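This is what each chain is made of:
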Amino acid sequence: MYKTILVPLDGSHRAETILAHAEALAKAFGAKIVLLQVIEPNVSVVTPYDMVPYYDPKEAERMTTESKGYLATKEGELRALGIEVKSCVENGPVVAGILDVAEREHADLVAMASHGRTGLGRVFYGSVAAGVLHKADRPLLLIRSDE
């Protein structure tokens, strides 16, 4: 049924709660897991008079290196369980990054944890899960993470 399961992670324990579900599905179906972390560029304005936002390439490189190390650790844990796994780090808007990688990797399922924000928290912070849910063209396993 599932050959490739995309698992977006943000480095939090809350997001990692999906891993047990993805592991079980991967073992049951002999599926490959693709771990993903999407880094949104940090853009800042140095002064109120700047017309062009400032993008720090050194900070972006540091974040990418940190993400690759984090995903390599998770990749090793899954390999130790006998699961085929790969990881990738993308830069850009999170929802678009998840959907792009799902398409590129031919993911049969996107599995992710939701922070479960409602009301004003969801309005101010947005919801990656809701964005993926509304735009995904493939099955989505979404669990609410209580941490």
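Reference entry: report on the structure contained in this document. (Residues numbered from 1 in each chain as written. Predicted model: local features only at pLDDT ≥ 70, side-chain atom pairs only at ≥ 80, totals over all residues. Heavy atoms only, no water.)

**Details of helix α4 (residues 94-104)**
- When α4 is considered as a whole, its buried residues turn out to be Val94, Gly97, Ile98, Val101 and Ala102. Along the axis of α4, the buried residues cluster in a sector spanning 130°; they form a single face.
- As for α4, its buried residues are in contact with β1 (4-8), β2 (32-39), β5 (85-91), β6 (109-114) and α6 (128-135). (Buried < 20%, exposed > 50% of the residue type's maximum accessible area, 1.4 Å probe, protein only. Helix = DSSP H or I, 4+ residues; strand = E, 2+ residues; numbered from the N terminus. Arc of directions from axis to C-beta. Contact = heavy atoms within 4.5 Å.)

**Here we look at the nonpolar core**
- Among the nonpolar cores identified, the biggest contains 24 residues, and Ile5, Val7, Leu9, Ile18, Ile33 and Leu35 are the most heavily contacted of them.
- Breaking this core down by element, the ones donating at least two residues are β1, α2 (19-29), β2, α3 (57-80), β5 and β6.
- When residues in this core are grouped by element, the largest group, four residues, is from α2.
- When near neighbours in sequence (up to four residues on either side) are disregarded, Ile5 contacts Ala22, Leu25, Ala26, Ala31, Lys32, Ile33, Val34, Leu109 and Ala111.
- Within the second largest apolar cluster, 14 residues are counted, among which are Leu36, Val94, Met112 and Val132. (Core = buried A, V, L, I, M, F, W, Y, C linked by side-chain atoms within 4.5 Å.)

**Considerations on the side chain of Arg138**
- When you line up the elements, Arg138 lands in the loop between α6 and β7 (140-144).
- A relative accessible area of 18% places Arg138 in the buried class.
- A polar atom in the side chain of Arg138 sits 3.3 Å from the backbone oxygen of Ala102.
- Within the local environment of Arg138, its side chain forms a polar contact with the side chain of Asp137, the two groups lying 3.0 Å apart.
- Ignoring sequence-local partners within four residues, the contact set of Arg138 consists of Ala102, Glu103, His106, Ala107, Asp108 and Val110. (Polar contact = N/O pair within 3.5 Å; in protein donor to acceptor, adjacent residues only side chain to side chain.)

**Overview of the pairing of β2**
- With eight of its eight residues buried, β2 lies for the most part within the structure.
- Alternating positions in β2 separate into two faces, Lys32, Val34, Leu36 and Val38 on one and Ile33, Leu35, Gln37 and Ile39 on the other, with burial throughout.
- Where β1 lies against β2, five bridges are found, and the strand directions are parallel. By the bridge assignment for β2, Thr4 is matched with Lys32. (Pairing = 2+ DSSP bridges.)

**A look at the sheet that holds β2**
- Ordered in space as β5-β2-β1-β6-β7, the five strands form an open sheet in which the pairing is parallel. Bordering the open sheet on either side are β5 and β7, each of which pairs with just one other strand. Going from strand to strand, the sheet's axes swing by 20° on average, the running direction of each strand aside.
- Packing against the sheet, α4 makes contact with β1, β2, β5 and β6, and its axis sits at approximately 150° to β2.
- Here α6 sits on the sheet and contacts β6 and β7; the angle it forms with β6, its principal contact strand, is near 150°. (Axes fitted to C-alpha atoms, helices over the stretch in contact; angles between N-to-C directions.)

**Side note on the environment of Ile5**
- In this structure, Ile5 sits in strand β1.
- Between the C-alpha atom of Ile5 and that of Leu35, which follows or precedes it by 30 residues, the distance is 8.5 Å.

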